[in-house]
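The residues making up each chain are set out below.
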Amino acid sequence: MSAPQKAKAGAEKIAVTVSAVVPVTEYVTRFEFTRTDGADFPPFSGGAHTVVSMEDGDRTRLNPYSLMSDPTDLSHYAISVRREDTGRGGSAFMHSQVAPGDAMTITCPVNLFGLDWRAKKHIFFAGGIGITPFLAMIGQLEQTNGNWELHYAARTPESAAYADMLLAKFPTKVHVYYSGQGVRIPLESLLSGQPLGTHAYVCGPAGLIDLVHDTATGIGWPHSNVHSEEFLAPAPGAPFEVRLCKSDKTITVGEHESLLEAMEREGVDAPFLCRGGSCGQCETNVVSADGGFIHRDHWLDDDDRASGKKIMPCVSRFVGTTLELDR
Amino acid sequence: MSKFEFPPSIGSRPVWGTLEPRVGQAHLFVADAQGAEAILDVATPELMAAAHIIFITRGTDYADKLRALNPSQFYEGPSYDAALSRIKRVLSDAKMGLQVYISGTESLMGQMTNEAAQAGVPFESIQTEHRGSTARRMQCVHCKGFTEEVETDPFVCCHCGLNLFVRDHYSRRLAAYQGVCVDAEDPGNVPAQKGIYE
Ligand code: FES
């Protein structure tokens, strides 16, 4: 794949005020924002995400979250955040530090998981907090009387965010499965019974995403009719040193930060959009490397990886003696 | 010889492929005349177990050979138009995971690809292979009428009678090449007829 034309450090920013913090389940909380300048938000389409900046002491955390609010209501944006106690701290910060009235900064929405409007029918598969993009998609489809159905897997009724609301509003279109009760989404029979022109969308844990792709492929669905979104969080790893040629700097990437975060910490203007290995915006050329890459993104293809000439700094790491990047 | 090497042309001219077996829940084969040979080449017992073959004979005698492949359903008819109501019915009942294989003339492949795509079959699930006649389905840009089985350039529009020049310009929506009046400036001054690929 080739790098997008104008690589920028994030989408345009919007100053917002936290207008509501609403607990949804034991682990999930909804955050609602209004624009600090009182204007409407820019329009967005279902499946879009925003990157939220969190000022956590001397550290700025930037995490992507799917917009879940109704795309036809631009008076506010809403996200839902699941607290990951073993995560890198972004979701814990949202849960413990953010209160109504707080000033925050988010980016304009970017959509890497949009509806395919050629579809005659949309079938959604959500696992856990992966429900959020579908809430916005459903809002959008309901405006045009779109043909959709949702299959939502959660551990227990108590942990299934928004399941009650969805079931009450769309009793014939929403199906919820509780793994705690031993019930799984019957993927094989669902995918084999869809009318021609159906597009499938999946968001949730990697296991569910892979299962939907594999099941669909196994019965003859083409790849272009199966859409998925998984934001990867950067994984920790051994610290490594990087020489940034254009910036004329040598920096060290710490154990718990990504290469992208390390560049930002050092004031290097590094492009990104999703920070989760999906959008391609952060693609960076490797000038020289003595060692191996840990590629974790969903962007580079096998040839790119084999060439050893590209890395996605938002999620991928390096193990070796020397690495020089064209940045 | 049922295979023909089409000369390189402009971007709008369709490029046909070679059928290959695909994974799928059901397999729909639509072929006319020598297109049957492409089915005979690709058929396997596994494919045939879930196959529906719709064969447009156009005067050929491949039907028995196709029937011998033992597809789960077989239909034989004289023309595409005669088969169309059955094709529409099969597509309206079909589910995602259907694989479509179309072989034979460009006219059949163009029209059948359209029919399948309109029914919602993803383009990635449609395969084509040219066999047999290289005659074209042409649309007259003046009267919009279609003339089938055009083998020569120029030709006479079977609707309005104009002398039409055969272009490589193709419309997927119409499944036809474009025919444009060749003697508009100087009526009667028509170049000598020759085969399209001569
Ligand atoms: S920022 Fe999107 S792939 Fe790295």
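Residues numbered from 1 in each chain as written. Chains lettered and ligands numbered in written order. Predicted model: local features only at pLDDT ≥ 70, side-chain atom pairs only at ≥ 80, totals over all residues. Heavy atoms only, no water.

1. What to know about the sheet that holds strand E10 (residues 163-171) of chain B
All names here are of chain B. Spatial strand order, E7-E6-E11-E10-E9: five strands in an open sheet with mixed pairing. A single partner strand is all that each edge strand has here, and the edge strands are strand E7 (146-150) and strand E9 (155-156). Inspection of the sheet shows strand E6 (residues 136-140) paired to strand E11 (residues 176-181) by three bridges, in the parallel sense. What sits directly across from Cys140, in E11, is Gly179. Contacting E6, E7, E10 and E11, helix H5 (residues 106-118) runs over the sheet at an angle of about 70° to E6. (Pairing = 2+ DSSP bridges. Helix = DSSP H or I, 4+ residues; strand = E, 2+ residues; numbered from the N terminus. Contact = heavy atoms within 4.5 Å. Axes fitted to C-alpha atoms, helices over the stretch in contact; angles between N-to-C directions.)

2. A look at the pattern of salt bridges
All names here are of chain B. Per the counting criterion, the structure on display carries 28 salt bridges over all chains. The partner of Asp64 in a salt bridge is Arg67, and the shortest N-O contact between them spans 3.0 Å. Of this pair, Asp64 and Arg67 both sit in helix H3 (residues 63-67), three residues apart, which is roughly one turn of the helix. A network of salt bridges, in which partner residues are shared, links Glu37, Asp41, Glu129 and Arg131. (Salt bridge = Lys/Arg side-chain N within 4 Å of Asp/Glu carboxyl O.)

3. Things to note about the pairing of strand E3 (residues 48-56) of chain A
Residue and element names in this part refer to chain A. Buried residues dominate E3, accounting for seven of its nine residues. One ladder, built from two bridges, connects E3 with strand E7 (residues 110-111); its direction is antiparallel. Bridge pairing links Ala48 to Asn111 in E7. Judged from the eight bridges that link them, E3 and strand E4 (residues 59-66) form a sheet pairing that is antiparallel. The residue of E4 that forms the bridge with Glu55 is Thr60. Connecting E3 to the next strand, E4, in antiparallel fashion are two residues, including Gly57 with a positive phi near 65°. Of the strand pairs in this sheet, E3 and strand E6 (residues 103-107) are connected by two bridges, and their pairing is antiparallel. (Buried < 20%, exposed > 50% of the residue type's maximum accessible area, 1.4 Å probe, protein only.)

4. Some details on the interface of chain B and chain A
If you look at the interface, chain B gives 17 residues, while chain A gives 17 residues. Both sides together, the interface formed by chain B and chain A hides about 1200 Å², and carbon and sulfur atoms give 60% of it. When the buried surface of chain B facing chain A is broken down by residue, Gln25, Lys95 and Met96 of chain B rank first, second and third, together holding 45% of it. Viewed at the interface, chain A and chain B are joined by zero salt bridges. On inspection of chain B and its partner chain A, the count reaches seven residue pairs in polar contact (both at pLDDT 80 or more). For the side of chain B that touches chain A, a count of residues per class yields eight nonpolar, seven polar and two charged. (Buried area = accessible area lost by both parts, 1.4 Å probe. Polar contact = N/O pair within 3.5 Å; in protein donor to acceptor, adjacent residues only side chain to side chain. Nonpolar A, V, L, I, M, F, W, Y, C, P; charged D, E, K, R; others polar.)

5. Some details on the domain arrangement of chain B
Residue and element names in this part refer to chain B. Split into domains, chain B comes out as domain 1 (26-130) and domain 2 (136-195). One C-alpha centre belongs to domain 1, the other to domain 2; they are set 28 Å apart. Between domain 1 and domain 2, the residue contacts involve seven residues of the former and 10 residues of the latter. Summing both sides of the interface, domain 1 and domain 2 together bury roughly 620 Å²; the carbon and sulfur share of this comes to 39%. Considering only the side of domain 1, the residues that lose the most area to domain 2 are Glu106, Ser107 and Asn114, jointly responsible for 54% of the buried surface there. Here domain 1 and domain 2 share one salt bridge between them. Between Arg58 and Glu149 there is a salt bridge; the shortest N-O distance is 3.3 Å. (Domains from an automatic or database assignment.)

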